[in-house]
Amino acid sequence: GQQVMQIPQYQHVQEGEDFTTYCNSSTTLSNIQWYKQRPGGHPVFLIQLVKSGEVKKQKRLTFQFGEAKKNSSLHITATQTTDVGTYFCAGGSNDYKLSFGAGTTVTVRA
Amino acid sequence: NAGVTQTPKFQVLKTGQSMTLQCAQDMNHNSMYWYRQDPGMGLRLIYYSASEGTTDKGEVPNGYNVSRLNKREFSLRLESAAPSQTSVYFCASSEPGTAYEQYFGPGTRLTVT
């Protein structure tokens, strides 16, 4: 079945620095979604990418979908303490199921 | 609107006991899902219901059963709990379409001793 790998598992960032988390699928995806989970909370939808090569921005967050629709990345600039949490990518298929990556847990040093 | 609600929030069971986790959504979504979340393993799909009256196995269905009671409610049952089922359980719902983002409930933290 579809497998989604996400790296790194942990990201320790100095406040103000940038970082990127990467997502790779073993199969071609119909879309990729990104979620954020704050400590002790539940996953919250951030964005969906559908088109090959698509790039979307949300303030300091930039999301990319690869040309082959098998990989994606999330880049955060000028990291803030509000960015703390775990970021999951989830690969979508035509049957409306999602395969979640293991997540990147972000901690921020002030 | 409450979105997706789950009960209970916390539960401790002894090995062999049974229980049902309840989930309800008020967004009129057709699809509902049950996931479990374990450290370092992300969210793994247990069962899902694409629409009222249908249910299908996900990635890790063994030891669980589900019931789609109506369009709003989707319950998860553990017939004979095992320590390996200690986890955080999330229910989610979505509306199939071009953008079918999932809305998650607050989760149930289950410990089996």
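Remember, predicted model here, so these are calculated numbers, not experimental data. (Residues numbered from 1 in each chain as written. Chains lettered and ligands numbered in written order. Predicted model: local features only at pLDDT ≥ 70, side-chain atom pairs only at ≥ 80, totals over all residues. Heavy atoms only, no water.)

**Notes on the overall build of chain A**
Here comes step 1: Along its length, chain A carries 0 helices and 11 strands.
Here comes step 2: Listing every helix and strand of chain A by position from the N terminus yields β-β-β-β-β-β-β-β-β-β-β.
Here comes step 3: The C-alpha radius of gyration of chain A comes to 13 Å, within 12% of the 13 Å expected for a compact globule of 110 residues.
Here comes step 4: Viewed in the frame of its principal axes, chain A has a C-alpha envelope of about 40 × 25 × 20 Å.
Here comes step 5: When contacts within chain A are restricted to residue pairs at least 6 apart in sequence, long-range pairs at least 24 apart make up 52% of them.
Here comes step 6: Working note: accessible area of chain A is about 5300 Å², and carbon and sulfur atoms make up 51% of it.
Here comes step 7: Separation of charge centres in chain A, based on 11 positive and 7 negative side chains, amounts to 5 Å. (Helix = DSSP H or I, 4+ residues; strand = E, 2+ residues; numbered from the N terminus. Rg over C-alpha atoms; globule rule 2.2 N^0.38 Å. Contact = heavy atoms within 4.5 Å. Areas by Shrake-Rupley, 256 points an atom, 1.4 Å probe, with all protein chains shown as cover. Lys, Arg positive; Asp, Glu negative; His and termini not counted. Charge placed at Lys NZ, Arg CZ, Asp CG, Glu CD.)

**Observations regarding the nonpolar core**
Here comes step 1: The biggest cluster of nonpolar side chains holds 20 residues, and the ones touching the most others in it are Trp34, Ile46, Leu76, Leu78 and Tyr89 of chain B.
Here comes step 2: Elements supplying a minimum of two residues to this core: strand S3 (19-25), strand S4 (31-37), strand S5 (43-49), strand S7 (64-68), strand S8 (74-78), strand S9 (87-94) and strand S11 (108-112) of chain B.
Here comes step 3: In this structure, Ile46 of chain B is in contact with Trp34, Tyr35, Arg36, Lys57, Gly58, Glu59, Val60, Pro61, Tyr64, Leu76 and Tyr89 of chain B, ignoring residues within four places of it in sequence.
Here comes step 4: Counting 19 residues, the second-largest nonpolar core is a separate cluster that includes Leu29, Trp34, Leu49 and Cys89 of chain A. (Core = buried A, V, L, I, M, F, W, Y, C linked by side-chain atoms within 4.5 Å. Buried < 20%, exposed > 50% of the residue type's maximum accessible area, 1.4 Å probe, protein only.)

**Considerations on the state of the cysteines**
Here comes step 1: Applying the stated rule across the entire model yields 2 disulfides over all chains.
Here comes step 2: The side chain of Cys23 of chain A participates in a disulfide bridge whose partner is Cys89 of chain A; the two sulfur atoms lie 2.0 Å from each other. In this structure the cystine formed by Cys23 of chain A and Cys89 of chain A twists about its S-S bond by roughly 80°; its chirality is therefore right-handed. Residue Cys23 of chain A is located in strand S3 (residues 19-25), and its partner Cys89 of chain A is located in strand S9 (residues 85-92); the two are separated by 66 residues in the primary sequence.
Here comes step 3: Accessibility expressed as a relative area gives 2% for Cys23 of chain A, which makes it buried.
Here comes step 4: Residue classification places Cys89 of chain A among the buried positions, given a relative accessible area of 0%.
Here comes step 5: Two residues share a disulfide in this structure: Cys23 of chain B and Cys91 of chain B, whose sulfurs sit 1.9 Å from each other. Between Cys23 of chain B and Cys91 of chain B the disulfide shows an S-S torsion of about -70°. By sign, it is left-handed. With a gap of 68 residues between them, Cys23 of chain B in strand S3 and Cys91 of chain B in strand S9 connect regions that are remote in the sequence. For the pair shown, Cys23 of chain B and Cys91 of chain B are each scored as buried. (Disulfide = S-S within 2.5 Å.)

**Some words on the pattern of salt bridges**
Residue and element names in this part refer to chain A.
Here comes step 1: Applying the stated criterion across every chain yields a total of 5 salt bridges over all chains.
Here comes step 2: For Asp83, the salt bridge goes to Arg60, with nearest N and O atoms at 2.8 Å. Taken together, the positions of Asp83 in the loop between strand S8 (71-76) and S9 and Arg60 in the loop between strand S6 (55-58) and strand S7 (61-65) put the pair 23 residues apart, joining distant regions of the chain.
Here comes step 3: Residue Asp83 is classed as buried on the basis of its relative accessible area of 4%. (Salt bridge = Lys/Arg side-chain N within 4 Å of Asp/Glu carboxyl O.)

**A word on the sheet that holds S3 of chain B**
All names here are of chain B.
Here comes step 1: Ordered in space as S1-S3-S8-S7, the 4 strands form an open sheet in which the pairing is antiparallel. Each edge of the sheet is formed by a strand with only one pairing partner; in this case those strands are strand S1 (4-7) and S7. Neighbour-to-neighbour, the strand axes of this sheet turn through a mean angle of 20°, independent of strand direction.
Here comes step 2: Of the strand pairs in this sheet, S1 and S3 are connected by 4 bridges, and their pairing is antiparallel. Bridging from a neighbouring strand, Thr7 pairs with Gln22 of S3. (Pairing = 2+ DSSP bridges. Axes fitted to C-alpha atoms, helices over the stretch in contact; angles between N-to-C directions.)

**Thoughts on the sheet that holds S6 of chain A**
Residues and elements named next belong to chain A.
Here comes step 1: Spatial ordering of the open sheet is given by S1-S3-S8-S7-S6, a layout of 5 strands whose pairing is antiparallel. Among the strands making up the open sheet, the edge pair consists of strand S1 (4-7) and S6. The mean inter-strand angle of the sheet, taken between neighbouring strand axes irrespective of direction, is 15°.
Here comes step 2: In this structure, S6 lies alongside S7, joined through 4 bridges in antiparallel fashion. Each bridged residue has a counterpart across the sheet, and for Gln58 the counterpart in S7 is Leu61.

Coordinates in, geometry out; function isn't part of it.
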